[in-house]
Amino acid sequence: MARKSSTARPLRSKPSSARRATLRLWIVPTLVIAGLFTGATGLRTLFAHRHQTQIGGPYSLIDSTNRPTTQARFAGQQTLIYFGYTHCLDVCPLTLATVAQAYTLLPPDMLRPVPVFITLDPERDRPEDVGIYTRRFSPEIIGLTGTTAQINAVAKAFHVTSHVTLDPAADRDGGDEEKGDYRIDHSSVLYLMDGQNRLQAILPADSSPAVVAHDLAPYLAKR
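Predicted, not measured: the structure shown is a model, and the values here were computed from it.

Novice: Teacher, can you tell me more about helix 6 (residues 148–157) here?
Specialist: Spacing of three or four residues puts side chains on the same side of an α-helix, whose turn is 3.6 residues. Every buried residue belonging to helix 6 is among T148, I151, N152, V154, A155 and A157, and all of these are buried. In the stretch just after helix 6, H159 is the one whose phi turns positive, near 55°.

Structural data, given as structure tokens:
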């Protein structure tokens, strides 16, 4: 499919050494980083020592139609936010599929949060890319991307931990990050935000659809 150009698209250029370093250091590494990558348990442990209002905040991104998007777009609506990237081979697609299935299990009279997918890979995930990706799971999921600075800011606000790793196979073949031969290890949880973009709950992303629906239900209003 031919790609359409747009003046609203973030400027794309090969990442310099400094920018690659920025990718690796989005969040200051901590001793709990290994636990964060393996599931939600480590993240919940870390957040247990933080006040909920410290998690989340305003953001300025771009949706799949190149429309500038901030938290104000969802004012008065709950959102269920997940951070990942479209080249992810396992955790991200499984999580989005789980969310889509969980929504079908909720009682029909409950208001569903707006599902939002925010990429951690702005170098490869252009607006149309996140749109194509999220539609594979549900037309309701809103995919967001932006410049590296914009993604860094929202990841920091939500305390998302990520780390760029050169793909082992690509490394053996002489690949490099500039060619996109890398993966991103990242913390993986679902953030339920209220209508004022305030955190209501952090849900494990590795749960079954039934568990996600069960965990969401107490926070949802009826139509």
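Next comes the rest of the description.
Novice: Help me out: how do you make sense of the packing of aromatic side chains in this one?
Specialist: Each pair of aromatic rings is reported with the distance of its centres and the angle of its planes. Under the criterion given, the structure shown has five aromatic pairs. Considering the side-chain rings of F83 and Y191, the 5.9 Å spacing of their centres and the 85° angle between planes classify their relative orientation as edge-to-face. Of the two residues, F83 is situated in strand 3 (residues 79–84) and Y191 in strand 8 (residues 189–193); the sequence distance between them amounts to 108 residues. When the ring of Y133 is compared with that of F137, the centres are 5.3 Å apart and the planes differ by 70°; the resulting orientation is edge-to-face. Its relative accessible area of 22% is what places F137 among the partly exposed residues. Members of the aromatic cluster, connected to one another through ring pairs, are F83, F158 and Y191. The positively charged end of R124 is found above the aromatic ring belonging to Y182, 3.8 Å away from the centroid.

Novice: What is the right way to look at the nonpolar core in this model?
Specialist: Side chains of a nonpolar character, in soluble globular proteins, are inclined to be buried together. Of all hydrophobic cores here, the largest spans 27 residues; its most connected members are L80, Y82, F117, L190 and L216. Elements supplying a minimum of two residues to this core: strand 3, helix 4 (91–105), helix 5 (127–135), strand 7 (182–186), strand 8, strand 9 (199–204) and helix 8 (209–216). Top element by residues in this core is helix 4. It accounts for five residues. Aside from chain neighbours lying at most four places away, what touches Y82 is V91, C92, T95, L96, V116, F117, I118, H186, S188, V189, L190 and A205. Counting residues in hydrophobic clusters, the runner-up holds 23 residues, among them V114, I118, L120 and Y191.

Novice: I'm lost on the state of the cysteines in this one. Help?
Specialist: Here, the word disulfide means a covalent bond between the sulfur atoms of two cysteines. This model, assessed by the stated rule, comprises zero disulfides. Between C88, a cysteine without a disulfide, and C92, which holds the nearest cysteine sulfur, the sulfur-to-sulfur distance is 3.1 Å. By relative accessible area, which is 0% here, C92 ends up buried.

The rules we used
- Within every chain, residues take consecutive numbers counted from 1 along the sequence as written.
- It should be noted that, the model being predicted, local features are given only for residues of pLDDT at least 70 and side-chain atom pairs only at 80 or more, the latter also being counted only at that level, while totals for whole chains, interfaces and linings use all residues.
- Calculation of side-chain values draws on the structure's entire complement of heavy atoms; hydrogens and water are dropped beforehand.
- Relative accessible area decides the class of each residue, using a 1.4 Å probe on protein chains only: under 20% of the type maximum gives buried, over 50% gives exposed, and in between gives partly exposed.
- Runs of H or I in DSSP of at least four residues are treated as helices and runs of E of at least two as strands, each being numbered from the N terminus.
- Pairing of aromatic side chains requires ring centres within 6.5 Å, counting the rings of Phe and Tyr and the six-membered ring of Trp. Pairs whose planes differ by under 30 degrees are stacked, by over 60 edge-to-face, and all others tilted.
- To sit over a ring, a charge needs its Lys NZ or Arg CZ within 6 Å of the ring centre and within 35 degrees of the ring normal.
- As used in this record, nonpolar core signifies buried Ala, Val, Leu, Ile, Met, Phe, Trp, Tyr and Cys residues forming a set joined through side-chain atoms within 4.5 Å.
- The contact criterion used throughout is that any non-hydrogen atoms of two residues lie within 4.5 Å.
- In what follows, a disulfide is any cysteine sulfur pair within 2.5 Å.

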